[in-house]
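Notes for the structure review
Each chain is listed here by its residues.
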Amino acid sequence: DPAVDDLRVPSAVGAFVQKHAASLWPYKLVSWVLENLLSNNKPSGSSFNLQTSTPVTHLQKSEDGSWIVHTPRGLIASKRVLLTTNAYTSHLLPQFSDLIVPVRGEMSSLIPPKSMRPASTNRPLDHTYVFIGHGKQNINQDDYLVQRPFVSSSSIAVSGGEMMFGGGRSYASNAGLGISDDSSIDPPAAEYLRRELNVVLDLQNNDHELKATYEWSGIMGYSRDGRPWVGELSKELGLGGGKGLWICAGFTGHGMPNTHLSAKAAAQMLVGKPAEEVDLPSMYRLSRERVERARTYDEVHIADAKGMH
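The present account deals with the structure reproduced in this document. (Residues numbered from 1 in each chain as written. Predicted model: local features only at pLDDT ≥ 70, side-chain atom pairs only at ≥ 80, totals over all residues. Heavy atoms only, no water.)

**Remarks on the overall build of the protein chain**
Looking only at helices and strands, one finds six helices and 13 strands in the protein chain. Per-residue burial for the protein chain yields a buried fraction of 39% across its 309 residues. Surface accessibility of the protein chain: about 18000 Å² in total, with carbon and sulfur atoms responsible for 54%. One finds the centroid of the 30 positive side-chain charges in the protein chain at a distance of 5 Å from the centroid of its 32 negative side-chain charges. (Helix = DSSP H or I, 4+ residues; strand = E, 2+ residues; numbered from the N terminus. Buried < 20%, exposed > 50% of the residue type's maximum accessible area, 1.4 Å probe, protein only. Areas by Shrake-Rupley, 256 points an atom, 1.4 Å probe, with all protein chains shown as cover. Lys, Arg positive; Asp, Glu negative; His and termini not counted. Charge placed at Lys NZ, Arg CZ, Asp CG, Glu CD.)

**Considerations on the side chain of Asp-143**
Its place among the elements puts Asp-143 in strand E7 (residues 142–147). Look at Asp-143: it is buried, it has no salt bridge, and the nearest opposite charge is Arg-169 at 8.7 Å. A polar contact of 2.4 Å, which involves the side chain of Asp-143, links it to the side chain of Tyr-192. Those residues in contact with Asp-143 that sit more than four places away from it in its chain are Tyr-129, Val-130, Phe-131, His-134, Gln-137, Phe-165, Gly-166, Gly-167, Gly-168 and Tyr-192. (Salt bridge = Lys/Arg side-chain N within 4 Å of Asp/Glu carboxyl O. Polar contact = N/O pair within 3.5 Å; in protein donor to acceptor, adjacent residues only side chain to side chain. Contact = heavy atoms within 4.5 Å.)

**Quick word on the sheet that holds E7**
Within a sheet, each strand pairs with its neighbour through backbone hydrogen bonds, oriented either parallel or antiparallel. Pairing within the open sheet is antiparallel, and its five strands lie in the order E6-E7-E10-E5-E11. In this open sheet, the two edge strands, each paired with only one partner strand, are strand E6 (129–132) and strand E11 (212–223). Each adjacent strand pair in this sheet contributes to an overall mean axis angle of 20°, direction not counted. Relative to E7, E6 runs antiparallel, the two sharing four bridges. Bridge assignment links Val-130 to a residue of E7, and that residue is Tyr-144. Along the sheet face, helix H3 (residues 187–200) touches strand E5 (100–110), E6, E7, strand E10 (163–166) and E11 and points at about 55° away from the line of E5. (Pairing = 2+ DSSP bridges. Axes fitted to C-alpha atoms, helices over the stretch in contact; angles between N-to-C directions.)

**A few points about the sheet that holds strand E12 (residues 229–232)**
What the three strands build is an open sheet, ordered E4-E13-E12; its pairing is mixed. Where the open sheet ends on each side, the last strands, each with one partner, are strand E4 (81–83) and E12. With strand direction ignored, the average angle separating the axes of adjacent strands in the sheet is 20°. In this sheet, strand E13 (residues 245–249) lies alongside E12 in antiparallel orientation, the contact comprising four bridges. Paired with Gly-231 across the strands is Ile-247, a residue of E13. Docked against the sheet, helix H4 (residues 255–270) engages E4, E12 and E13, running at close to 170° with respect to E13.

**Examining the environment of Phe-251**
Mapping Phe-251 onto the fold places it in the loop between E13 and H4. With 25 residues separating them along the chain, Phe-251 and Gly-226 place their C-alpha atoms 7.7 Å apart. The contact partners of Phe-251, leaving out residues within four places of it in the chain, are Asn-86, Gly-221, Pro-228, Asn-258, Thr-259 and Ser-262.

**Quick notes on the packing of aromatic side chains**
Summed over the entire model, instances satisfying the criterion amount to four aromatic pairs. Ring plane angle 10° and centroid distance 5.6 Å describe the contact between Tyr-129 and Phe-131, whose orientation is recorded as stacked. Tyr-129 sits in the buried class, given a relative accessible area of 10%. Ring geometry for Phe-131 against Phe-165: centres 6.3 Å apart, planes inclined by 85°, an arrangement best described as edge-to-face. Linking Phe-131 in strand E6 with Phe-165 in strand E10, this pair joins segments that are 34 residues apart in sequence. Under the relative-accessibility criterion, Phe-131 is labelled buried at 8%. Grouping aromatic residues by their ring pairs yields a cluster made of Tyr-129, Phe-131 and Phe-165. Positioned above the aromatic ring of Trp-229 is the side chain of Arg-290, whose terminal nitrogen or guanidinium carbon lies 3.6 Å from the ring centre. (Phe/Tyr/Trp six-rings, centres within 6.5 Å; stacked < 30°, edge-to-face > 60°. Lys NZ or Arg CZ within 6 Å of the ring centre and 35° of its normal.)

Next up, the structure:
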């Protein structure tokens, strides 16, 4: 097993090493899924219809039981609607405003120092990393790092190797809580990401701040009970839903490990598979009891201040 020094985190208290870890480019995965769906469309029968730049502004229940979806480009009627709205759920269902709260996170693409080039003695990273409880972050706040591969050939110089580093939420304004605007970044959190890799990793960079090719933010949906909400929004829940309206949202900053199978479960239930036959953790399922229990917990901003998220 590698020592802490071998992992190039000499200041860490300890480390968990997972052998079969992987890195995934979410945008490429989603683009591939959409391309397949569009390319497999058939002139007859059911088809996939993708409407971009078409925000849903309102949901309305019609007399015949359909849901009327209001958009700036017109109305759509459907017997079944699935909300994958995550942090923005309360825009359509205000009753969710205390159950799923928007939280802005910070991300950066950092140019690796010359000491991290393939030909240097300080080789590129062999692992992906999650740094938990670093600096003034609490034990449940983490930073994460994936280094992209370098690209080289006989005709071009070595390029790539960007260090995809995200986190630093405790340095952001109000820790990003309640912010649903991802059109700008949080400067203190962005500065933290540019300089902090020199602290957590042995980059042999003389503590020079790294330069960013890109910096951006993203909005997460933090669930009050820390679990996703997956299932049909029946009237008895008291969340403004009704028969035919479904949800898959509230992933609390850990979307990649949870969204895929949660979405599969939601789709299976939506097309009629009995709920008891669907592989979905009981704590993710919707019920009146869960709604009432969640509202006995601290609100998201209080729980976050206590280090619960």
